[in-house]
Amino acid sequence: MDTVHKIGRRKTAVARIYLSEGKGNITVNKKDYKDYFTTGTLQYKVQQPLMLTDNLESYDIKVNVYGGGVTGQAEAIRLAITRALVAIDADHRAVLKPEGLLTRDPRMVERKKFGQKKARKKFQFSKR
């Protein structure tokens, strides 16, 4: 099996993964993913597609991720891994699709408008 290359995005985070057969090592920006993502929730998000398809120890994954915060990066990695698993075996789609893992979450931060405090919040009007 060749290396499968896929991209996942979330907010402003972009993750490029290289998935190949191996022992289950996940490397994020040249660090172990447990060192990069310190909380259990984020580690679970990265592993979720592998756990649902029973492939935790089947593939080695190298990840380059940049932009956004740690949660956005973890979710971008999750989307990329999901896409790679579906590319390898189309039967995985039936398991991953109902969990919502194949959907690219389009929500982005709304831009701040001029004459306002934030995107929607206005300056307080005081009549003295």
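Residues numbered from 1 in each chain as written. Predicted model: local features only at pLDDT ≥ 70, side-chain atom pairs only at ≥ 80, totals over all residues. Heavy atoms only, no water.

Under an unreviewed UniProt entry, the chain has the name Small ribosomal subunit protein uS9 and belongs to Polaribacter batillariae. We quote the UniProt Sequence similarities (unreviewed entry) comment for the chain here in full: "Belongs to the universal ribosomal protein uS9 family." (UniProt positions renumbered as here; feature names shortened; annotations may be inferred.)

S.K.: Lay out the overall build of the chain with the relevant residues and their values.
M.R.: Each helix and strand in the chain was counted, giving 4 helices and 5 strands. Helices and strands in the chain line up, N terminus first, as β-β-β-β-α-α-β-α-α. Relative to its length of 128 residues, the chain is extended, with a C-alpha radius of gyration of 18 Å against a globular reference of 14 Å. Residues classed as buried in the chain amount to 36% of the 128 residues present. Of the accessible surface of the chain, which amounts to about 8,400 Å², a share of 49% is contributed by carbon and sulfur atoms. Looking at charge distribution, the chain has the averaged site of its 27 positive side-chain charges lying 20 Å from that of its 13 negative ones. (Helix = DSSP H or I, 4+ residues; strand = E, 2+ residues; numbered from the N terminus. Rg over C-alpha atoms; globule rule 2.2 N^0.38 Å. Buried < 20%, exposed > 50% of the residue type's maximum accessible area, 1.4 Å probe, protein only. Areas by Shrake-Rupley, 256 points an atom, 1.4 Å probe, with all protein chains shown as cover. Lys, Arg positive; Asp, Glu negative; His and termini not counted. Charge placed at Lys NZ, Arg CZ, Asp CG, Glu CD.)

S.K.: Break down a nonpolar patch on the surface for me, citing the residues and quoting the values.
M.R.: Side chains of Tyr 44, Met 51 and Leu 56 sit close together on the surface and give an oily, nonpolar patch of about 250 Å² of accessible area. Checked against the element boundaries, Met 51 lands in helix α2 (residues 40–52). (Patch = residues over 30% accessible without salt bridge, like charges linked within 9 Å, V, L, I, M, F, W, Y side chains within 5 Å. Salt bridge = Lys/Arg side-chain N within 4 Å of Asp/Glu carboxyl O.)

S.K.: Could you give me a rundown of the pattern of salt bridges, with the residues and numbers involved?
M.R.: Under the definition given, this model contains 6 salt bridges. Across the pair Asp 105 and Arg 10 runs a salt bridge, and its minimum N-O distance is 3.3 Å. Taken as a pair, Asp 105 in the segment after α4 (93–96) and Arg 10 in strand β1 (residues 4–10) lie far apart in primary sequence, 95 residues in all. Members of the salt-bridge network, linked through shared partners, are Arg 10, Lys 45, Glu 75, Asp 105 and Arg 107.

S.K.: Explain the side chain of Gln 48 residue by residue, including any values.
M.R.: By the element assignment, Gln 48 lies in helix α2. In this structure, Gln 48 is in contact with Arg 78, Glu 99 and Leu 101, ignoring residues within four places of it in sequence. (Contact = heavy atoms within 4.5 Å.)

S.K.: Give a description of the sheet that holds β1 that names residues and reports values.
M.R.: Strand order in the open sheet formed by 5 strands is β1-β2-β5-β3-β4, and the pairing between neighbours is mixed. The open sheet has two edge strands with one neighbour each: β1 and β4 (31–32). (Pairing = 2+ DSSP bridges.)

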